[in-house]
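Chains, contacts and geometry: an overview
Okay, here's what each chain looks like letter by letter:
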Amino acid sequence: MKIRIDETTYEGTATEIMESLRLLTFNPDDFPDTDSYIRQLQDNFTRSTDMECELPESGVEERARAMFEQLARIGGLETLDDG
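Residues numbered from 1 in each chain as written. Predicted model: local features only at pLDDT ≥ 70, side-chain atom pairs only at ≥ 80, totals over all residues. Heavy atoms only, no water.

1. Notes on the sheet that holds strand E2 (residues 8-11)
The condition that has to hold: Here, strands pair whenever DSSP counts at least two bridges between them. A run of H or I in DSSP counts as a helix once it spans at least four residues, and a run of E counts as a strand once it spans at least two, with each numbered from the N terminus. A fitted line through C-alpha atoms represents every axis, and for helices the fit uses only the stretch in contact; the resulting angles, taken between N-to-C directions, go from 0 to 180 degrees.
Read across the open sheet, the three strands follow the order E2-E1-E3; overall the sheet is antiparallel. Both edges of this open sheet fall to E2 and strand E3 (78-81), since each of them pairs with a single strand only. When the angles between neighbouring strand axes are averaged without regard to direction, this sheet yields 25 degrees. Sheet analysis places strand E1 (residues 2-5) next to E2, joined by four bridges and oriented antiparallel. Considered in E2, the bridge of Ile-3 is made with Tyr-10.

Structure (structure tokens):
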């Protein structure tokens with residue numbers, strides 16, 4: 001998978017990219033793992049857009065991929081390769 005957020009391009013599995021983004025947060029210790037970070041993004045998405053953000057419960061990779069799809073839908077990122 002390859003995505004672009006602003007001028008930065010991220011490449012790897014959806015989980016790897018999400019983990020990279022988690023580590024870039026102001027205080028990554030607020031999110032002990034990738035899944036907790038995804039849940040925070042999901043909550044922020046719903047709060048800021050007033051739109052539902054349904055994510056599968058089938059694993060971190062699937063949840064991360066679905067979260068990226070939701071963010072792309074509202075212009076929060078650009079998917080360059082969904083490989």
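2. Quick word on helix H2 (residues 34-49)
In an α-helix, one turn spans 3.6 residues, which is why side chains three or four residues apart end up on the same side. Cut-off, in case you're wondering: To estimate how far a helix should extend, the number of its residues minus one is multiplied by 1.5 Å. Each residue's exposure class comes from its accessible area (1.4 Å probe, protein chains only) as a fraction of the maximum for that residue type: buried when under 20%, exposed when over 50%, partly exposed otherwise. For this quantity, the arc is that covered by the directions from the helix axis to the C-beta atoms. Any two residues having at least one pair of non-hydrogen atoms within 4.5 Å are treated as being in contact. Between N or O atoms, a polar contact is any pair within 3.5 Å; within protein, one atom must be a potential hydrogen donor and the other a potential acceptor, and residues adjacent in sequence are included only when both atoms are from side chains.
The terminal C-alpha atoms of H2, which comprises 16 residues, lie 22 Å apart, in line with the 22 Å expected from a rise of 1.5 Å per residue. Among the residues of H2, those classed as buried are Thr-34, Asp-35, Tyr-37, Ile-38, Leu-41, Gln-42 and Phe-45. Each buried residue of H2 lies within a common arc of 155 degrees when the element is viewed along its axis, so the set occupies one face. Residues of H2 that are buried sit in contact with helix H1 (14-23) and helix H3 (60-73). The N-terminus of H2 is capped by Asp-33, whose side-chain oxygen sits 3.4 Å from the backbone nitrogen of Asp-35. Positive backbone phi, at 60 degrees, marks Asp-50, one or two positions downstream of H2.

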